[in-house]
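Residue-level listing of the chains:
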Amino acid sequence: MFLRLAQQHQEFVQDLVINLQALTIILERRGYSASCYTCGNQMKSASFMVSLREKHLIRFVVSDYGITWMELWDDRELMKLEGAEAVKQLQELANIVKHSSPIELTT
């Protein structure tokens with residue numbers, strides 16, 4: 001049972017990394033400064049960042065060790081979420097990007 005759960009978790013992390021890379025491309029095409037860095041080609045971890053406006057930064061980190069969402073304003077941490085709550089916040093960002101224009105995203 002535990003080996004199956006470990007495999008499912010690895011697949012979840014890989015799917016999340018792929019989706020972060022796609023979100024990065026969409027944000028860049030809309031004119032936002034966004035990046036997604038992975039370590040190696042096995043898709044076991046990623047660090048995603050996007051600047052929504054001056055001094056407003058979102059950072060999302062995923063790895064086998066955990067998942068973290070951080071929202072920063074002027075280099076100060078506004079919010080930090082982990083696990084499922086971090087993924088939910090990422091989904092909210094993706095929904096906003098999907099259903100809005102670039103101008104609406106920053107207001």
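Use the structure listed above.
Residues numbered from 1 in each chain as written. Predicted model: local features only at pLDDT ≥ 70, side-chain atom pairs only at ≥ 80, totals over all residues. Heavy atoms only, no water.

A. Looking closely at the overall build of the chain. Regarding its fold elements, the chain presents 3 helices and 5 strands. Put simply, the chain runs from its N terminus to its C terminus through helices and strands in the order α-β-β-β-β-β-α-α. Against the 2.2 N^0.38 benchmark of 13 Å for 107 residues, the chain shows a C-alpha radius of gyration of 14 Å, consistent with a compact globule. Taken over the C-alpha atoms alone, the chain extends approximately 45 × 25 × 25 Å along its principal axes. Within the chain, counting contacts between residues at least 6 apart in sequence, those at least 24 apart form 36% of the total. Taken as a whole, the chain presents about 7100 Å² of accessible surface, with 54% of it coming from carbon and sulfur. (Helix = DSSP H or I, 4+ residues; strand = E, 2+ residues; numbered from the N terminus. Rg over C-alpha atoms; globule rule 2.2 N^0.38 Å. Contact = heavy atoms within 4.5 Å. Areas by Shrake-Rupley, 256 points an atom, 1.4 Å probe, with all protein chains shown as cover.)

B. Layout of a nonpolar patch on the surface. A cluster of nonpolar side chains, namely M1, F2 and L5, defines an oily patch on the protein surface of about 370 Å² accessible area. By the secondary structure assignment, F2 is in helix 1 (residues 2–29). Relative accessible area serves as the criterion here: at 65%, F2 is assigned to the exposed category. (Patch = residues over 30% accessible without salt bridge, like charges linked within 9 Å, V, L, I, M, F, W, Y side chains within 5 Å. Salt bridge = Lys/Arg side-chain N within 4 Å of Asp/Glu carboxyl O. Buried < 20%, exposed > 50% of the residue type's maximum accessible area, 1.4 Å probe, protein only.)

C. Molecular detail of the pairing of strand 2 (residues 46–53). Sheet analysis places strand 1 (residues 33–38) next to strand 2, joined by 6 bridges and oriented antiparallel. Across the sheet, the residue bridging to A34 is V50, located in strand 2. In the sheet, strand 2 pairs with strand 3 (residues 56–63) via 7 bridges, with the strands oriented antiparallel. Its bridge partner lying in strand 3, S51 is registered against L57. Following strand 2, the chain reverses through 2 residues before pairing antiparallel with strand 3; K55 in that reversal takes a positive phi of roughly 70°. (Pairing = 2+ DSSP bridges.)

D. Seen up close, unusual backbone geometry. Despite not being glycine, M43 shows a phi value in the positive range, around 60°. Counting through the fold element by element, M43 comes out in the loop between strand 1 and strand 2. Notably, D74 is not glycine yet its phi reads approximately 55°, a positive angle. You can see D74 is positioned in the loop between strand 4 (66–73) and strand 5 (76–82).

E. Examining the nonpolar core more closely. Membership of the largest hydrophobic core comes to 24 residues, with the highest contact counts inside it found for F48, V50, F60, V62 and L93. Among the elements that make up this core, the one with the highest residue count is helix 1 (6 residues). The contact partners of F48, leaving out residues within four places of it in the chain, are L20, L23, T24, L27, S35, C36, I58, R59, F60 and L93. (Core = buried A, V, L, I, M, F, W, Y, C linked by side-chain atoms within 4.5 Å.)

F. Region of interest: the sheet that holds strand 1. The strand order across the open sheet formed by 5 strands is 1-2-3-4-5, and the pairing between neighbours is antiparallel. The sheet is open, and its two edges are formed by strand 1 and strand 5, each paired on a single side. Each neighbouring strand pair of the sheet contributes to a mean axis angle of 15°, computed without reference to strand direction. Pairing between strand 3 and strand 4: 8 bridges, direction antiparallel. When the bridges of strand 4 are listed, H56 appears paired with W73. (Axes fitted to C-alpha atoms, helices over the stretch in contact; angles between N-to-C directions.)

G. Quick peek at the pairing of strand 5. Examined bridge by bridge, strand 4 and strand 5 share 6 bridges and lie antiparallel to one another. For W73, the partnering residue across the bridge sits in strand 5 and is R76. Connecting strand 4 to the antiparallel partner strand 5 that follows it, the hairpin turn spans 2 residues, and D74 within it adopts a positive phi of roughly 55°.

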